[in-house]
Amino acid sequence: MSFVKLTASAIAIAAVSASAASARDQVQIAGSSTVLPYASIVAEAFGENFDFPTPVVESGGSSAGLKRFCEGVGENTIDIANASRAIREREIVACAEAGVNDIIEVRIGYDGIVFASQLDGPAYNAFTPSDIFNALAPKVVVDGALVDNPFQQWSDFNADLPAEDILAFIPGTKHGTREVFEEKVIAAGCEATGAMDAMIAGGMSEDDAEDACIAVRTDGKSIDIDGDYTETLASIEANTNAIGVFGLSFYENNTDKLKTATVSGVEATTETIASGEYPVSRPLFFYIKKAHIGVIPGVKEFAEFFVSDEIAGPDGPLAEYGLVSDPELADTQATVADEVTMN
């Protein structure tokens, strides 16, 4: 992928050396495996276009990245955390307890979550949240009663689905993708099938029922993947009947190996995600430690470059890779330029 070099004047304006002395001159970033390829693209271009070293970008998942981000302030802690979900209140509290008080939230765009399978595998062409819940929940509604999940094949509960053994590789609990999967697929299916009402009718509190709704079976039909999407892809390639949960951008870069199913009759595309029509989409973020701006060289410059029209806009390299550009990108640019922290 090629990048247009910035003009000399633009570089001169943007690449101002940090005035404060620092033992570390390389921006350090960690977090979401979904955001990883975007951040890596930007880091490479940043190193090529600015008088700063190329930032170090690591993965590990949203929760792991934010945990490292909240370890404290100083050159031995990371500057930026990538996340495929918004930072949680308890993480903000943990940050504050470690002295990380001023956090800048940067929304870079949107991505969709897709259900993909082997390109030449079974005809997994259309799912609903109810299908995924019936396949993966430990308890489901059968003949009006909440029972241990008896379903072994997809066709057991939906005759339109293949008579194939259920096997799903889903993101592990440390991934931001898991939270969106739980909320917009599993929990939605729990409500749609009547399972949540049955739980409450059986004596559960609403809070307990909400927690029970997002549980997954532990009999080998649902398998957590703690690594990144390449590990999920390898699992799909080794299991003809399996489905996997991926970000749209990863799928779009592996269409020679995978096919996707519609969700509730809607195909995942940049257009349906941008419009909100596709039901399983989410915003992507990174978080900046404001205390590191002006101390670790290049932190703000990297952030401004990341959300520039040329990079994160609809005609930029991130959109080319699969990111759905944020219609409110100008507001994000202003947030970074003005160093506006979260309330």
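Residues numbered from 1 in each chain as written. Predicted model: local features only at pLDDT ≥ 70, side-chain atom pairs only at ≥ 80, totals over all residues. Heavy atoms only, no water.

Draft legend 1. Focus on unusual backbone geometry. The residue Asp143 is not glycine, and still its phi comes out positive at about 55°. With respect to the secondary-structure elements, Asp143 resides in the loop between strand S6 (139-142) and strand S7 (145-148). Although it is not a glycine, Ser264 sits at a positive phi angle of roughly 55°. For Ser264, the location among the structural elements is in the loop between strand S12 (262-263) and helix H11 (270-275). (Helix = DSSP H or I, 4+ residues; strand = E, 2+ residues; numbered from the N terminus.)

Draft legend 2. Main features of helix H5 (residues 129-136). In terms of burial, H5 is a largely internal element, 8 of the 8 residues being buried. Along H5, the residues that are buried comprise Pro129, Ser130, Asp131, Ile132, Phe133, Asn134, Ala135 and Leu136. (Buried < 20%, exposed > 50% of the residue type's maximum accessible area, 1.4 Å probe, protein only.)

Draft legend 3. Representation of the packing of helix H2 (residues 36-49) against helix H12 (residues 299-306) in the model. With their axes 10 Å apart at the nearest point, H2 and H12 run at an angle of 115° to one another. In this structure, H2 crosses over H12, and the sense of that crossing is right-handed. Listed contacts from H12 to Tyr38, Ala39, Val42, Ala43, Ala45, Phe46 and Asn49 of H2 are Glu301, Phe302, Phe305 and Phe306. For the contact of H2 with H12, a count of residues per class yields 9 nonpolar, 1 polar and 1 charged. (Axes fitted to C-alpha atoms, helices over the stretch in contact; angles between N-to-C directions. Left-handed = near helix turned anticlockwise from the far one by under 90°. Contact = heavy atoms within 4.5 Å. Nonpolar A, V, L, I, M, F, W, Y, C, P; charged D, E, K, R; others polar.)

Draft legend 4. Representation of the state of the cysteines. By the definition in use, this model includes 2 disulfides. One disulfide bridge connects Cys190 with Cys213, the sulfur atoms lying 1.9 Å from each other. Measuring the twist about the S-S bond at about -60°, one finds the Cys190-Cys213 disulfide to be left-handed. With Cys190 in helix H6 (residues 176-192) and Cys213 in helix H8 (residues 206-213), the pair connects residues that are 23 residues apart, well separated along the chain. No difference in accessibility class separates Cys190 from Cys213, as the two residues are buried. For the protein chain, the disulfide bridges join cysteines in the arrangement 1-2, 3-4, where the cysteines are counted in sequence order. (Disulfide = S-S within 2.5 Å.)

Draft legend 5. Structural detail: the environment of Ala261. Take Ala261: it is sitting in the loop between strand S11 (258-260) and S12. Contacts of Ala261, omitting those with residues within four sequence positions, involve Phe115, Tyr124, Asn125, Ala126 and Phe127.

Draft legend 6. Highlighting the packing of aromatic side chains. One pass over the structure, following the stated rule, counts 19 aromatic pairs. A ring pair is formed by Tyr38 and Tyr321, whose centres lie 5.9 Å apart and whose planes are at 85°; its orientation type is edge-to-face. Here Tyr38 is found in helix H2, whereas its partner Tyr321 is found in helix H14 (residues 317-321), with 283 residues between them in sequence. Taking relative accessible area as the criterion, Tyr38 reaches 0% and is therefore assigned buried. Centroid distance Phe46 to Phe50: 4.7 Å. Interplanar angle 25°. Geometry classified as stacked. (Phe/Tyr/Trp six-rings, centres within 6.5 Å; stacked < 30°, edge-to-face > 60°.)

Draft legend 7. Representation of the environment of Asp131 within the structure. Mapping Asp131 onto the fold places it in helix H5. For Asp131, a relative accessible area of 6% gives the class buried. Along the backbone, Asp131 and Thr34 are 97 residues apart, and their C-alpha atoms lie at a distance of 25 Å. Sequence-distant contacts of Asp131, defined by excluding residues within four places in its chain, comprise Ala126, Trp154, Phe157, Asn158 and Leu161. A polar atom in the side chain of Asp131 sits 3.1 Å from the side chain of Asn158. (Polar contact = N/O pair within 3.5 Å; in protein donor to acceptor, adjacent residues only side chain to side chain.)

In short, geometric facts, not functional conclusions.
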